[in-house]
There are 2 protein chains.
Amino acid sequence: MPAPSASIDPARPSWLPVPDGSDFPITNLPFGVAAGAGGPARVVVAIGDHAVDLESARSAGLVDLPAEATTGSLDRLLADDALDAARLRAWELLTDPRHRTATSNALRLRVDLRLAMPFTVADFVDFYASETHATAVGRIFRPGDDPLPVAWRHLPIGYHGRAGTVVVSDTPIDRPWGQRSEGGSVVFAPSAQLDFELEVGAVVGRPSARGRPVAVEDALDHIAGFVLVNDWSARDIQGWEYQPLGPFLGKSFATTISPWLVTADALAPYRVPPPDQRPPAQAHLRPPGPAFDLVLEAEVSGQLVARASFAGMYWTVAQQVAHLTSNGAGLRTGDLLASGTVSDPRPGGAGCLLEATKGGSTPFHLPDGRALTWLEDGDTVALRGHAGHGPTRIGFGPCRGTVRPAHDLHRPPGGQP
Amino acid sequence: MPAPSASIDPARPSWLPVPDGSDFPITNLPFGVAAGAGGPARVVVAIGDHAVDLESARSAGLVDLPAEATTGSLDRLLADDALDAARLRAWELLTDPRHRTATSNALRLRVDLRLAMPFTVADFVDFYASETHATAVGRIFRPGDDPLPVAWRHLPIGYHGRAGTVVVSDTPIDRPWGQRSEGGSVVFAPSAQLDFELEVGAVVGRPSARGRPVAVEDALDHIAGFVLVNDWSARDIQGWEYQPLGPFLGKSFATTISPWLVTADALAPYRVPPPDQRPPAQAHLRPPGPAFDLVLEAEVSGQLVARASFAGMYWTVAQQVAHLTSNGAGLRTGDLLASGTVSDPRPGGAGCLLEATKGGSTPFHLPDGRALTWLEDGDTVALRGHAGHGPTRIGFGPCRGTVRPAHDLHRPPGGQP
């Protein structure tokens, strides 16, 4: 399916009423995957409290896509670079009254859907692109030194995470076991410093060939859309293991993504200039490309703990793509490029508890009076994100997970491990 | 296909002559994938100078496997835990004279095959399991300090690499561009410190569920086989970027694996006790499981630069699997768990140039007199590995790659970048 020559007209309303404040007005139309009732999973497009079942629409002759593109996952739509065209068709169906009757048969109530992983994660890369966050973490771990790592302003630092443990919103999160250093001993126990990280992930559609670096100007052509990412982190495990090869088991137990892929086209109106970079980035990382004007929030058990602007991230998504491929590495469809913790210098802007509690030394006081240092069993973390403001804003829907107690599999019968 | 109740009888010869010293006697029978002539790629089993084309054998009714298991890649055989049964059947075909005529029609000369990536890499994890290597690297980078990182003797340190740039032997390796610090400036240029790493990779067949740690006693049940791994490393890029999140672009441009998957069954006779661990590993990492008695070699442009025993690795494969899953992370079919550089305390035992040249300060003298510090354009690195000795030894076949000059894509017309 070729790239569409037209784009959606944001002024044209949907014939389907959309509640005020919905994350999913007609100008959004993000893609998800709903588990099928007995059959294969189906690609769905969110609109207000509903979703268009693209497989039903295809069966009814309303969309011109192969069945492989409307069932299973978004993998085929991503690989074919066909999201924008499919979104444009969904927009036509939902705005042209002539399609109302036929399209209504393919509508589902979103509350009835069980949303699945929207795509197969190829490689998962996590960056460290917020200057506020990297500075705060440096102050905690290297007091007195320059808080930013020496290379930080020269390249977007990142690392590979575990693709196989990326899970969709509402998947329960088991408190991980792990090694840590405690009072001079090495113990193996459930993590006592469980944290969240408020992030945004860019998802690769169009791949790039190994040996052919992607120019920064072309980088966003490879990004099909965005999700919210909670890069759950066990700070005690991470702190013990991370020298010299970086985080491993402190992160690899789970990473949660939001179920709706908000397309790059839908976010195009919210591109804004990125912050100035000093020193200027090297030639292959210039011009930096746009930032995205998203406001992100994290709640713990229903109470706001962080609100941060994604527009202030030092390194842009385009620079991350250009850097990642500058050594000849190729991109694959389904690569997930997460931003790293998004923090904001304003009060309440710390995108993780490590930063909000200064390494656990200063509890964060929730509105209900609870002193929060690290996540407790039963805590639900919900990330939210929006572009724009008021009735025209679009959103991601929640990225949510609830902490379950550590399992007993490592405990010998009748005793401590 | 269920696990076989029988195993091969190593004393029974093949009716097909196998040259002395072949890596692939009848007791090996490793699996590879040969690009098809116009058709799909075919699963092949190496025997001496030949290979059995399993898809031809299947079409002829000689093996009872679905076509999905004999074409494309080893993914289906790995996911079905069916390698051992398929190997046993290949052994029957090649040792029972009654099958000689029919099987001969499915034989190919190995020199005629173009070998492809044998399986789809799910997650790629690289460990750091050689005490000799980790100590030597620590002495180079942290002279005066304890050379081993503080956690090194307590857990098998590792990190995730880029699965999407794992390539098969004989894929050319472009010298990567990257940032480095040089004389107080930050430059972006082709790497001047290109290195190889001599490693062994364990390949996961049977997956494990998220949230269900694999007990160390059961760990090897998840390992279908082994390949050689060259974890190409650009030391200048790595040294500049790796704090605090570990190696990224210094490694992600390419990782080469050998094309033949030597099965865990074939290596079972070469299990040996691992080295003592002091302090003893924690309960969930005990007993350590076996080491494997492999001798590994690295050649640069035909000249031996390293010979190291894999039997001396401090952390075992079983411990790596148990550690990796101890936080609840699941294994997926196709996960590649590489050992990290295999080094040996004996002279000539350094499994990478970083170690052999003491960080580039002391060139390594090749037998032909060349002083080798880092890899030069045109150098071919070939890794080899064998289990056992003399006529009964089995091998991996070479894991090979030739360094090509850096491309010009980052150079502006007419000038330096």
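Residues numbered from 1 in each chain as written. Chains lettered and ligands numbered in written order. Predicted model: local features only at pLDDT ≥ 70, side-chain atom pairs only at ≥ 80, totals over all residues. Heavy atoms only, no water.

(A) Looking closely at the pattern of salt bridges. Residue and element names in this part refer to chain A. Using the criterion set out here, one finds 52 salt bridges over all chains in the structure. In this structure, the salt-bridge partner of Arg-76 is Glu-68, at a minimum N-O distance of 3.8 Å. Taking relative accessible area as the criterion, Arg-76 reaches 34% and is therefore assigned partly exposed. One salt bridge in this structure joins Glu-197 and Arg-235, with 2.9 Å as the shortest N-O distance. Separated by 38 residues along the polypeptide, Glu-197 in the loop between β11 (194-195) and β12 (198-204) and Arg-235 in helix α7 (residues 235-241) bring together distant segments of the chain. Accessibility expressed as a relative area gives 5% for Glu-197, which makes it buried. (Salt bridge = Lys/Arg side-chain N within 4 Å of Asp/Glu carboxyl O. Buried < 20%, exposed > 50% of the residue type's maximum accessible area, 1.4 Å probe, protein only. Helix = DSSP H or I, 4+ residues; strand = E, 2+ residues; numbered from the N terminus.)

(B) Focus on the sheet that holds strand β3 (residues 50-53) of chain B. Residues and elements named next belong to chain B. As summarised here, the arrangement of the 4 strands in space is β1-β2-β3-β4, forming an open sheet in which the pairing is antiparallel. Either end of the sheet is taken by a strand with one partner, and the two such strands are β1 (31-34) and β4 (107-109). Averaged over all adjacent pairs, the angle separating strand axes in this sheet is 40°, with direction ignored. By the bridge criterion, 4 bridges tie β1 to strand β2 (residues 42-47) in an arrangement that is antiparallel. What sits directly across from Gly-32, in β2, is Val-44. Across the face of the sheet, helix α4 (residues 83-95) comes into contact with β1, β2, β3 and β4 while running at roughly 85° to β1. (Pairing = 2+ DSSP bridges. Axes fitted to C-alpha atoms, helices over the stretch in contact; angles between N-to-C directions. Contact = heavy atoms within 4.5 Å.)

(C) Quick peek at the packing of aromatic side chains. All names here are of chain A. Applying the stated rule across the entire model yields 12 aromatic pairs over all chains. Taking 5.3 Å as the distance between ring centres and 70° as the angle between the ring planes, the aromatic pair formed by Tyr-314 and Trp-315 counts as edge-to-face. Using a relative accessible area of 3% as the deciding quantity, one classes Tyr-314 as buried. Judged by relative accessible area, which is 3%, Trp-315 ranks as buried. Here the aromatic cluster, defined as three or more aromatic residues joined through ring pairs, consists of Trp-152, Tyr-314 and Trp-315. (Phe/Tyr/Trp six-rings, centres within 6.5 Å; stacked < 30°, edge-to-face > 60°.)

(D) Fine view of the environment of Gln-303 of chain A. Residue and element names in this part refer to chain A. Mapped onto the elements of the fold, Gln-303 is located in strand β20 (residues 303-309). For the pair formed by Gln-303 and Pro-367, sequence separation is 64 residues and the distance between their alpha carbons is 6.6 Å. If we skip the residues at most four places from it in the chain, Gln-303 touches Ala-298, Leu-366, Pro-367 and Asp-368. For Gln-303, the side chain forms a polar contact with the main-chain nitrogen of Asp-368, separated by 2.6 Å. (Polar contact = N/O pair within 3.5 Å; in protein donor to acceptor, adjacent residues only side chain to side chain.)

(E) Inspection of the pairing of strand β9 (residues 177-182) of chain B at higher detail. All names here are of chain B. Pairing geometry for β9 and strand β10 (residues 185-190), over 6 bridges, is antiparallel. Its bridge partner lying in β10, Gln-179 is registered against Phe-188. Between β9 and the antiparallel strand that follows it, β10, lie 2 residues; Gly-183 among them carries a positive phi value of about 55°.

(F) A look at the interface of chain A and chain B. Counting residues at the interface gives 60 residues for chain A, matched by 60 residues for chain B. Across the chain A to chain B interface the summed buried area is about 5,600 Å²; carbon plus sulfur atoms make up 59%. Looking at the side of chain A facing chain B, the largest losses of area belong to Arg-162, Leu-245 and Phe-248 of chain A, adding up to 14% of the total buried there. Across the contact surface, chain A and chain B share 2 salt bridges. The interface formed by chain A and chain B holds 22 residue pairs in polar contact (both at pLDDT 80 or more) in total. Contributing elements (two or more residues each) for the side of chain A that touches chain B: β5 (124-127), β6 (158-161), β9 (177-182), β10 (185-190), α7 and α9 (317-325) of chain A. Per element, the largest residue contribution to the side of chain A that touches chain B is 4 residues, and it comes from β6 of chain A. Here the residues of the side of chain A that touches chain B sort into 32 nonpolar, 20 polar and 8 charged. (Buried area = accessible area lost by both parts, 1.4 Å probe. Nonpolar A, V, L, I, M, F, W, Y, C, P; charged D, E, K, R; others polar.)

(G) The arrangement of the pairing of strand β19 (residues 294-300) of chain B in detail. Residues and elements named next belong to chain B. Within β19, 6 of the 7 residues are buried, leaving the element largely enclosed by the surrounding structure. Bridge count for β19 against strand β20 (residues 303-309) is 6 bridges, and the pairing is antiparallel. Looking across to β20, one finds that Glu-297 is bridged to Arg-307. In this antiparallel pair of consecutive strands, β19 and β20, the connection spans 2 residues, and Ser-301 shows a positive phi of 45°.

(H) Structural detail: the sheet that holds strand β1 (residues 31-34) of chain A. All names here are of chain A. Taken together, 4 strands build an open sheet; the order of strands is β1-β2-β3-β4 and the sheet is antiparallel. Pairing within the sheet leaves two strands with one partner each, and these edge strands are β1 and β4 (107-109). Strand-to-strand, the axes of this sheet are offset by a mean angle of 40°, without reference to chain direction. Sheet topology note: the strand β2 (residues 42-47)/strand β3 (residues 50-53) ladder contains 4 bridges and is antiparallel.

(I) Representation of the relation of the copies chain A and chain B within the structure. When chain A is fitted to chain B, the residual RMSD is 0.0 Å, and the transformation amounts to a turn of 180° plus an axial shift of 0.0 Å. One copy is carried onto the other by what is essentially a two-fold rotation axis. In terms of proximity to the rotation axis, the leading residue of chain A is Gly-246 of chain A, whose C-alpha is 2.0 Å off the axis. The share of interface residues of chain A whose copies in chain B are also at the interface is 100%, consistent with both copies meeting through the same surface. (Least-squares fit on C-alpha atoms with pLDDT ≥ 70 in both.)

(J) Focus on the nonpolar core. Counting 158 residues, the largest nonpolar core has Phe-196, Phe-226 and Leu-267 of chain A together with Phe-196, Phe-226 and Leu-267 of chain B as its most contacted members. Those residues within four positions of Leu-267 of chain A in sequence are excluded, and the remaining contacts are Phe-226, Val-262, Phe-292, Leu-294, Ala-387, Ile-394 and Phe-396 of chain A. (Core = buried A, V, L, I, M, F, W, Y, C linked by side-chain atoms within 4.5 Å.)

(K) Examining the state of the cysteines more closely. Enumeration according to the criterion identifies 0 disulfides over all chains in this entry. Left unpaired, Cys-352 of chain B is separated from the closest cysteine sulfur, that of Cys-399 of chain B, by 15 Å. (Disulfide = S-S within 2.5 Å.)

(L) Local environment of helix α4 (residues 83-95) of chain A. Residue and element names in this part refer to chain A. Look at α4: 18 Å from first C-alpha to last across 13 residues, which is about the 18 Å you get at 1.5 Å a residue. The element α4 is extensively covered by neighbouring structure, given that 10 of its 13 residues are classed as buried. Along α4, the residues that are buried comprise Leu-83, Ala-85, Ala-86, Arg-87, Leu-88, Ala-90, Trp-91, Leu-93, Leu-94 and Thr-95. (Expected span 1.5 Å × (residues − 1).)

(M) Representation of the environment of Pro-279 of chain B in the model. Residue and element names in this part refer to chain B. Of note, Pro-279 is situated in the loop between β17 (271-272) and β18 (291-292). Residue classification places Pro-279 among the partly exposed positions, given a relative accessible area of 33%. In sequence terms Pro-279 and His-154 are 125 residues apart; their C-alpha atoms lie 7.6 Å from each other. The contacts of Pro-279, once residues within four sequence positions are left out, are Arg-153, His-154 and Tyr-314.

(N) Just the confidence of the model for chain A, in detail. All names here are of chain A. On average, chain A scores 95 in pLDDT, and the residues at 70 or more come to 97%. Predicted confidence in chain A is weakest over strand β22 (residues 364-365), with a mean pLDDT of 92, and strongest over strand β15 (residues 255-257), with 99. Considering only residues more than four positions removed or in separate chains, one finds that residues 1-5, a stretch of pLDDT under 50, has 10 contacts. Here the predicted complex scores 0.97 on pTM and 0.96 on ipTM. (pLDDT = per-residue confidence, 0-100.)

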